[in-house]
Amino acid sequence: MKRTLLPAFALILALPLAALAKPIVQFTDREEKVSDKEVLAAQEELDEIQRKISKKEIPPIAFELDSATLKESSKRTLDMVADLMLKHPYLKLMVFGHTCDLGGPEYNKKLSKKRADAVKEYLIEVGVMGEYIKAKGYGLEKPVVPNDSEENRSQNRRVELYVTNRWWQSVY
């Protein structure tokens, strides 16, 4: 009986591929066990970022005029949001885009959605899991103040961020 030695690569090919594969990310049921306390703590951190924006301590999440292109200054603030989400990897982030009353309702709805999507895309670029972010545009539907001055309009042009531990189906 003659014996032949197989090259090493032939032995590797003989192994089941599943034996060689290792998951890059492992999903568990942990996301169901994220406590409401953790959600509240993370939301407080997001609210603190919003307070710093309103006090002009950090740049706002802002866009080029009539565009969904993030201003470069916004990235510093979004990096803080990303750090928060990476610290709480099983929480979900809701990104809501809003506009003022300039322009038509349909146009503003589309623009606010594109802006919310731009925020989501940036957060994904810096490492936040895309499956844990939902973006929605409200257009001019939910102003925080009347659109009767440029100062008020600028307050209504905003992105709001909220965290949750709920399944997406229960949120949307």
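The residue numbering used here restarts from 1 in each chain and proceeds along that chain's sequence as written. The model is predicted, so local features are restricted to residues of pLDDT at least 70 and side-chain atom pairs to those at 80 or more, both for listing and for counting; the totals for chains, interfaces and linings are taken over all residues. Only hydrogens and water are set aside when side-chain values are computed; all heavy atoms of the structure are taken into account.

Caption draft 1: Seen up close, the packing of aromatic side chains. Put simply, two rings from Phe, Tyr or Trp (the six-membered ring, in Trp's case) pair if the centres are within 6.5 Å, and we call them stacked under 30 degrees between planes, edge-to-face over 60, tilted for the rest. Counting across every chain of the model gives two aromatic pairs. When the ring of phenylalanine 96 is compared with that of tyrosine 138, the centres are 5.3 Å apart and the planes differ by 70°; the resulting orientation is edge-to-face. Here the residue phenylalanine 96 occupies a position in strand S1 (residues 92–98), and tyrosine 138 occupies one in strand S2 (residues 133–139), the gap between them amounting to 42 residues. For the exposure calls, accessible area comes from a 1.4 Å probe over protein chains only, and a residue counts as buried if that area is under 20% of its type's maximum, exposed if over 50%, partly exposed in between. Given a relative accessible area of 13%, tyrosine 138 falls into the buried group. Ring centres of phenylalanine 96 and tyrosine 162 lie 5.8 Å apart, and the angle between their planes is 45°; on these two criteria the pair is classed as tilted. In this pair, phenylalanine 96 sits in strand S1 while tyrosine 162 sits in strand S3 (residues 158–164), placing the two residues 66 residues apart along the sequence. By the criteria applied, helices consist of DSSP H or I runs no shorter than four residues and strands consist of E runs no shorter than two, each listed in order from the N terminus.

Caption draft 2: Highlighting the sheet that holds S1. When DSSP locates at least two bridges between a pair of strands, those strands are taken to pair. Read across the open sheet, the three strands follow the order S2-S1-S3; overall the sheet is mixed. Looking at strand neighbours, the two that pair on one side only are S2 and S3, the edges of this open sheet. Each strand axis lies, on average, 20° off the axis of its neighbour in the sheet, ignoring direction. Alignment of S1 against S3, held across seven bridges, turns out to be antiparallel. The residue bridging leucine 93 from the neighbouring strand is valine 163, located in S3. Only the contacting stretch of a helix is used when fitting its axis, a line to C-alpha atoms as for every element, and angles between N-to-C directions run 0 to 180 degrees.

Caption draft 3: Here's a closer look at helix H4 (residues 74–87). To estimate the expected span of a helix, count its residues, drop one, and scale the result by 1.5 Å. Compared with the 20 Å implied by 1.5 Å per residue over 14 residues, the 20 Å span of H4 between its first and last C-alpha is a close match. Of all the positions in H4, only Ser74, Thr77, Leu78, Val81, Ala82, Leu84 and Met85 are classed as buried. One side of H4 holds all its buried residues, which, seen down the axis, span an arc of 160°. Residues of H4 that are exposed and point over 90 degrees away from its buried face: Asp83 and Lys87. Two residues qualify as a contact provided that any one of their heavy atoms is within 4.5 Å of a heavy atom in the partner residue. Next to the buried residues of H4 lie helix H3 (36–54), S1, helix H5 (105–125) and S3. The directions from the helix axis to the C-beta atoms form the arc being described.

Caption draft 4: Representation of the pattern of salt bridges in the model. By convention in these notes, a salt bridge is any Lys or Arg side-chain nitrogen within 4 Å of a carboxyl oxygen on Asp or Glu. Counted by the stated rule, this structure contains eight salt bridges. Here glutamate 72 ties to lysine 75 by a salt bridge, and the two come within 3.4 Å at their closest N and O atoms. Owing to a relative accessible area of 58%, glutamate 72 belongs among the exposed residues under this scheme. Using a relative accessible area of 24% as the deciding quantity, one classes lysine 75 as partly exposed. The salt bridge involving arginine 157 is made with glutamate 150; its shortest N-O contact spans 2.4 Å. Residue arginine 157 is classed as partly exposed on the basis of its relative accessible area of 31%.

Caption draft 5: Seen up close, the nonpolar core. We define a nonpolar core as any set of buried Ala, Val, Leu, Ile, Met, Phe, Trp, Tyr and Cys residues linked to one another through side-chain atoms lying within 4.5 Å. In terms of nonpolar packing, the biggest core is built from 29 residues, with Leu46, Ile61, Leu93, Val95, Val119, Leu123 and Leu161 touching the most fellow members. Counting residues per element, the ones that place at least two in this core are H3, H4, S1, H5, S2 and S3. Not counting residues within four places of it along the chain, the set of residues in contact with leucine 161 comprises Gln43, Leu46, Ile61, Val81, Leu93, Met94 and Val95.

Caption draft 6: Representation of the side chain of serine 67 in the model. Looking at where serine 67 falls in the secondary structure, it is placed in the loop between H3 and H4. Of the residues examined, serine 67 reaches a relative accessible area of 17% and is grouped as buried. Whenever a nitrogen or oxygen atom comes within 3.5 Å of another N or O atom, the pair is scored as a polar contact, on the condition that within protein one atom can donate a hydrogen and the other can accept it, and that pairs from neighbouring residues in sequence are kept only if both atoms are in side chains. Polar side-chain contacts of serine 67 include one of 2.8 Å to the backbone nitrogen of threonine 69. In this view, serine 67 contacts Leu111 and Arg115; residues no more than four positions away in its chain are not counted.

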